[in-house]
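Structural description and commentary
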Amino acid sequence: MRVYQDVRQFKVTKPVLTVGSFDGVHLGHLKVVRRLNEIARQNEGESVIFTFSPHPRLVLNPQEDSLRLLTTLDEKIALLEATGVDHLIVYPFTKTFAEISYTDFVRLTLVGQLHIDSLVVGYDHKFGKDRKGDFEMLKNLSLAFNFKLEKLDALLSDNVSVSSTKIRQAIMAGDLEQANRYLGYTFSLTGTVVEGQKLGRKIQFPTANIAVTDPHKIIPAFGVYAVLVDVEGISYRGMLNIGTRPTVNHNANHCSIEVHIFSFDQNIYDRQVTIKFITKVRDEKKFASIDSLRAQLEKDKTDVLNLLNL
């Protein structure tokens, strides 16, 4: 897959293109991409995804700090590359670009610069200033500018249409099993191991404290999770806590991400690790004593090892 940051570098014969944010690259997105690749092969063309950075909502509503994304740009690129798509255009989303009408975007960019042969869109495709561009408008534009057009229905899972919004809601509720079903893979986050208070060592549960590098990356709900931890290409099993550590920490405003990696004794400070979330084990809670906390952690370890089939 070739990645473009500048559409002026894009020189492709018969581009078969789709447009979208593709946050999460979930099962609904994959349905679109599979069809995109099929049409490209059938027409002897090349498949193209046109996406944006940063996410449009971060530009249009900068005062709204609540949006958290399923994937960083690097994660999105890696996931899209695995789909077999030929080209990825990462277009800079700005306030100026947001003011462009849908007609002008199609006329000037998709047709004028990219010379699209075909356009594939999802069931809820909306684009352009104030999201006024819809499928009916697209049909008229395809006739006016002579490109083929196809609209796909929603992908349903558990009789619910799969969307990035629903997956975000599941993750923020701690329902990683549902989120993973909708994604079609295991949700993960990547961060750097940083110095902590080293309290875990004193109770035989040393932890790696994870600092997530992207401030817009979504973080699951507070609680204890069964996870897989990738360290320099090797996968380890572990249990992870997200929260304020109320038993040992009196600062209720400080949220930490700490993972205890089973059968692991290496110094990994300042290294990047990737955490894959399998399922939530329990909510975070405050214990009456350190001994009570240690006893619960022993139980958590047994539960997590059972969940991870060890």
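Structure: above.
Just so it is clear, the model here is predicted, and its values are computed rather than measured. (Residues numbered from 1 in each chain as written. Predicted model: local features only at pLDDT ≥ 70, side-chain atom pairs only at ≥ 80, totals over all residues. Heavy atoms only, no water.)

**A few points about the sheet that holds strand S1 (residues 2-4)**
- An order of S1-S4-S3-S2-S5-S6 is seen for the six strands of this open sheet, with the pairing classed as parallel. Two strands bound the open sheet, and with one partner strand each, they are S1 and strand S6 (148-151). Averaged over all adjacent pairs, the angle separating strand axes in this sheet is 20 degrees, with direction ignored.
- With six bridges connecting them, strand S3 (residues 46-53) and strand S4 (residues 87-92) associate as parallel partners. Within S4, the residue paired with Phe50 across the bridge is Ile89.
- Contacts from helix H1 (residues 27-42) reach strand S2 (15-19), S3, strand S5 (118-121) and S6, with the element oriented near 145 degrees to S3.
- Taken strand by strand, helix H6 (residues 135-145) contacts S5 and S6, and its axis lies near 160 degrees from that of S6. (Pairing = 2+ DSSP bridges. Helix = DSSP H or I, 4+ residues; strand = E, 2+ residues; numbered from the N terminus. Axes fitted to C-alpha atoms, helices over the stretch in contact; angles between N-to-C directions. Contact = heavy atoms within 4.5 Å.)

**Points about the side chain of Thr71**
- Structurally, Thr71 is set in the loop between helix H2 (56-60) and helix H3 (73-81).
- Here Asp23 takes part through its side chain, which lies 3.0 Å from a polar atom of the side chain of Thr71.
- In this structure, Thr71 is in contact with Phe22, Asp23, Gly24, Lys76, Leu79, Tyr185 and Lys217, ignoring residues within four places of it in sequence. (Polar contact = N/O pair within 3.5 Å; in protein donor to acceptor, adjacent residues only side chain to side chain.)

**What about the packing of aromatic side chains?**
- The full count for this structure, using the stated rule, is 13 aromatic pairs.
- Ring centres of Phe50 and Phe105 lie 5.5 Å apart, and the angle between their planes is 75 degrees; this geometry places the pair in the edge-to-face category. Placement of the pair is Phe50 in strand S3 and Phe105 in helix H5 (residues 102-111), with a sequence separation of 55 residues.
- Residues Phe93 and Phe97 carry aromatic rings whose centres are separated by 5.5 Å and whose planes lie at 80 degrees to one another, so their mutual orientation is edge-to-face. (Phe/Tyr/Trp six-rings, centres within 6.5 Å; stacked < 30°, edge-to-face > 60°.)

**A look at the packing of H5 against H6**
- Viewed as axis vectors pointing N to C, H5 and H6 meet at an angle of 40 degrees, and their least axial separation amounts to 11 Å. In terms of orientation, H5 lies oblique with respect to H6. You can see that H5 and H6 cross each other, and the crossing is right-handed. Taking contact as the criterion, the partners of Tyr102, Thr103, Val106, Arg107 and Val111 in H5 are, on H6, Met137, Leu138, Leu141 and Phe145. (Parallel < 35°, antiparallel > 145°, perpendicular 65-115°, else oblique. Left-handed = near helix turned anticlockwise from the far one by under 90°.)

**A word on the sheet that holds strand S13 (residues 256-261)**
- With respect to topology, six strands assemble into a closed barrel ordered S9-S10-S13-S12-S11-S14, the strand pairing being antiparallel. The sheet shows a mean angle of 45 degrees between the axes of neighbouring strands, direction not considered.
- Bridge count between strand S11 (residues 223-231) and strand S14 (residues 272-282): eight bridges; the pairing is antiparallel. Across the sheet, residue Asp230 finds its bridge partner in S14, namely Thr274.

**Structural notes on the environment of Lys11**
- Along the chain, the position of Lys11 falls in the loop between S1 and S2.
- Given a relative accessible area of 70%, Lys11 falls into the exposed group.
- The spatial distance from the C-alpha of Lys11 to the C-alpha of His115 is 9.0 Å, given a sequence separation of 104 residues. (Buried < 20%, exposed > 50% of the residue type's maximum accessible area, 1.4 Å probe, protein only.)

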